[in-house]
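# Fold and contact review
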Amino acid sequence: MKLLITWLLIWPFGLAWAQVAPAPELSIKAVFMYNFTRFIDWPEEAFAGPSSPFIIGIVGEDRMGAVLLETVAGEKVGNHPIRVQPVQSAAELKECHLLYINVTDFKQLTQTLALIGQRPVLTVGEAPTFTRQGGMIRFLTRNNKIRLEISPGALRAAQLGISSKLLQVADIVK
C-alpha cells in the first residue's frame, strides 16, 4: 500500500523515472512539493482572488528554485497558476502558500516560522529540528531514500487539510 501511495505522490513523473537513471535529489524533492498541492487543502481565503497565483516561496539558499520552476511550469492548483519566487521580506513571506525553508540555523528557522504564525502556509524544510520547531513537512534521507516527516498538528493550526494518503507514507511527529 505504501508503494502505491508513494507512486501517487510522484506521478506524473514516475514513468519517466522508470525509463531513465534515477532523478537527482533536488528533482525528487521538487516533484514531492508539487504533488503536496494535490494532497493538501488550502482555505479559499488564503487566496486574494479566484485566479490569483499559488505562490511557492523559497527562504534561504536557493538551490531548489530552478528545478522547482521546471517541475511546476504550466501547472495550476485548482484555478491558481503556480509561481515560484525567492522570499526576501516578511511581506513576501506572508503571500506564500507553500514555503520551502532551506535554513539549518535554529534561530533563523525559529524567526521564519514565527513570522508565518498561524497563516495557511504549508512549510517544508530539511533541518533536523524542522517539525519540532513548528514546521509541517520535513524531507529526510533514510537508507538512501527520501522520506517525509509530517506534523499534523502544525497543519491543523494553520487551517490546512491533509489527505490521509499523504499521512500513510510519512513518519508522524506529534
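Note that the structure is a prediction, hence the values are computed from the model and not measured.

## Some thoughts on the side chain of T71
- Following the sequence through the fold, T71 ends up in helix α4 (residues 65-72).
- On the basis of relative accessibility, which here comes to 12%, the residue T71 falls in the buried class.
- A polar contact of 2.8 Å, which involves the side chain of T71, links it to the backbone oxygen of V67.

## Re the layout of surface pockets
- Estimated volume of the second largest pocket: approximately 170 Å³.
- For the second largest pocket, the lining is made up of 13 residues, of which A46, F47, A48, E95 and H97 are closest to its centre.
- For the lining of the second largest pocket, the residue count by class is seven nonpolar, two polar and four charged.

## Section: the pairing of strand β5 (residues 98-102)
- Counting buried positions along β5 gives five out of five residues, so the element sits mostly inside the fold.
- Here β5 shows two buried faces, one formed by L98, Y100 and N102 and the other by L99 and I101.
- As paired strands, strand β2 (residues 54-60) and β5 are joined by five bridges and run parallel to one another. Within β5, the residue paired with I58 across the bridge is Y100.
- Note: β5 against strand β6 (residues 122-125), four bridges, orientation parallel.

## Details of the packing of helix α3 (residues 25-39) against α4
- Remark: α3 packs on α4, axes separated minimally by 9 Å, with the N-to-C direction vectors making an angle of 50°. The angle between α3 and α4 falls in the class oblique. The element α3 and its partner α4 pack so that their crossing is right-handed. Touching L26, S27, A30, V31, M33 and Y34 of α3 are V67, L68, T71 and V72, all from α4.
- Tallied by class, the residues present in the contact of α3 with α4 amount to eight nonpolar, two polar and no charged.

## Remarks on α4
- Burial in α4 covers these residues: G65, L68, T71 and V72. The buried residues of α4 occupy an angular sector of 125° when the element is viewed end-on, so they sit on one face. Opposite the buried face of α4, at more than 90 degrees from it, the exposed residues are A66 and E70.
- Turning to α4, the residues buried within the fold contact α3, β2 and β4 (80-86).
- Looking one or two residues past α4, G74 carries a phi angle of roughly 80°, positive in sign.

Rules used throughout
- Here the residue numbers are simple positions, counted from 1 along each chain's written sequence.
- Only residues with pLDDT of at least 70 get local features here, since the model is predicted, and only at 80 or more are side-chain atom pairs given and counted; chain-wide, interface and lining totals rely on the full set of residues.
- To obtain the side-chain values, all non-hydrogen atoms of the structure were used and water was disregarded.
- Each helix is a run of H or I in the DSSP string that is no shorter than four residues. Each strand is a run of E no shorter than two, and both are numbered from the N terminus.
- Type-normalised accessible area, obtained with a 1.4 Å probe on protein chains alone, sets the label of each residue: buried when under 20%, exposed when over 50%, and partly exposed for intermediate values.
- Whenever a nitrogen or oxygen atom comes within 3.5 Å of another N or O atom, the pair is scored as a polar contact, on the condition that within protein one atom can donate a hydrogen and the other can accept it, and that pairs from neighbouring residues in sequence are kept only if both atoms are in side chains.
- Using protein atoms alone on a 1 Å grid, points that fit a 1.4 Å probe yet trap it form a cavity, whereas open point sets bounded by protein on both sides within 12 Å along at least five of seven lines form a pocket; residues with an atom within 4 Å of a point count as lining.
- Grid points are joined across faces, edges and corners, and a volume is the space filled by probe spheres set on the points.
- Polarity classes work like this: nonpolar for Ala, Val, Leu, Ile, Met, Phe, Trp, Tyr, Cys and Pro, charged for Asp, Glu, Lys and Arg, and polar for all others, with Gly in that last group.
- The pairing criterion is simple: DSSP has to find at least two bridges between the two strands.
- Comment: axis = line fitted to C-alpha atoms, over the contacting stretch for helices; angle = value between 0 and 180 degrees taken between N-to-C directions.
- Should an angle lie under 35 degrees it is considered roughly parallel, over 145 roughly antiparallel, and from 65 to 115 roughly perpendicular; all remaining angles are considered oblique.
- In this scheme, a crossing is called left-handed if the near helix is turned counterclockwise away from the far one by less than a right angle; it is called right-handed if the turn is clockwise.
- Residue contacts are counted whenever heavy atoms from the two residues lie within 4.5 Å of one another.
- This arc is taken over the directions from the axis of the helix to the C-beta atoms.

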